[in-house]
Amino acid sequence: MAESNHYSVLVDEYISEFAPDVQVRLQALRQIIREAAPNAEEKISYKMPTYAQHGNLVHFAAYQHHIGFYPAPSGVLAFKEELSKYKGAKGSVQFPLDQPLPEDLIRRIVAFRVKENVEKALEKKQKK
């Protein structure tokens, strides 16, 4: 548990590096992820907040004009239609800072990634 608290402090430090209005958005995103993946470990990976449960679920990072959200290629593909209004790439989405976060969509993407990772872990376990 102490290790988990250590990472939470690191995520707090990461968020504190940004302007107050961006911090509010990052904390909101963090809360959405924690609610959608309550058993996920919060850590810093690739120099950004990361949530893992049977492997990485999602990452996020703040930039000058957007928040980058990284739900892996499968998370982007599964919600391709809904994400089409945002810039993105194979495993990433850009949520502009001048628009509200699509909270429900983020919640569903995180839940999808949790389900996907749990199912992969079960399959792996059954093969042993």
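Please read these numbers as outputs of a predicted model, since none were measured by experiment.

(A) Region of the structure containing the side chain of Arg30. Among the secondary structure elements, Arg30 is positioned in helix 2 (residues 20-36). For Arg30, a relative accessible area of 4% puts it in the buried group. Here Gln27 takes part through its side chain, which lies 3.3 Å from a polar atom of the side chain of Arg30. Arg30 has contacts with Ser8, Val11, Asp12, Ile15, Glu42, Tyr51 and Phe60, leaving out every residue within four places of it along the chain.

(B) Here's a closer look at helix 5 (residues 103-127). For helix 5, built from 25 residues, the straight-helix expectation of 36 Å at 1.5 Å per residue is met to within 8% by its first-to-last C-alpha distance of 36 Å. The complete set of buried residues in helix 5 reads Leu105, Ile106, Ile109, Val110, Arg113, Val114, Glu116 and Asn117.

(C) Spotlight on the sheet that holds strand 4 (residues 66-70). One open sheet accounts for six strands, arranged 1-2-3-4-6-5; its pairing is antiparallel. Each of the sheet's edge strands pairs with one partner strand only, and the pair in question is strand 1 (41-45) and strand 5 (88-89). Along the sheet, helix 2 makes contact with strand 1, strand 2 (48-52), strand 3 (56-62), strand 4 and strand 6 (92-96), crossing strand 3 at roughly 170°. In the packing of helix 5 onto the sheet, the strands contacted are strand 3, strand 4 and strand 6, and the crossing angle to strand 3 comes to about 145°.

(D) Representation of the nonpolar core. Ranked by internal contacts, the top residues of the largest apolar core, which has 33 residues, are Phe69, Leu83 and Val110. Only helix 1 (2-16), helix 2, strand 2, strand 3, strand 4, strand 6 and helix 5 provide two or more residues apiece to this core. Among the elements that make up this core, the one with the highest residue count is helix 2 (six residues). Setting aside its immediate chain neighbours within four residues, Phe69 contacts Leu29, Ile33, Val58, His59, Phe60, Gly91, Ser92, Val93, Phe95, Ile106, Ile109 and Val110.

(E) Representation of the environment of Phe69 in the model. Along the polypeptide, Phe69 turns up in strand 4. Given a relative accessible area of 0%, Phe69 falls into the buried group. Sequence separation between Phe69 and Gln94 is 25 residues, and the spatial gap between their C-alpha atoms is 6.3 Å.

Parameters and conventions
- Residues numbered from 1 in each chain as written.
- Predicted model: local features only at pLDDT ≥ 70, side-chain atom pairs only at ≥ 80, totals over all residues.
- Heavy atoms only, no water.
- Helix = DSSP H or I, 4+ residues; strand = E, 2+ residues; numbered from the N terminus.
- Buried < 20%, exposed > 50% of the residue type's maximum accessible area, 1.4 Å probe, protein only.
- Polar contact = N/O pair within 3.5 Å; in protein donor to acceptor, adjacent residues only side chain to side chain.
- Contact = heavy atoms within 4.5 Å.
- Expected span 1.5 Å × (residues − 1).
- Pairing = 2+ DSSP bridges.
- Axes fitted to C-alpha atoms, helices over the stretch in contact; angles between N-to-C directions.
- Core = buried A, V, L, I, M, F, W, Y, C linked by side-chain atoms within 4.5 Å.

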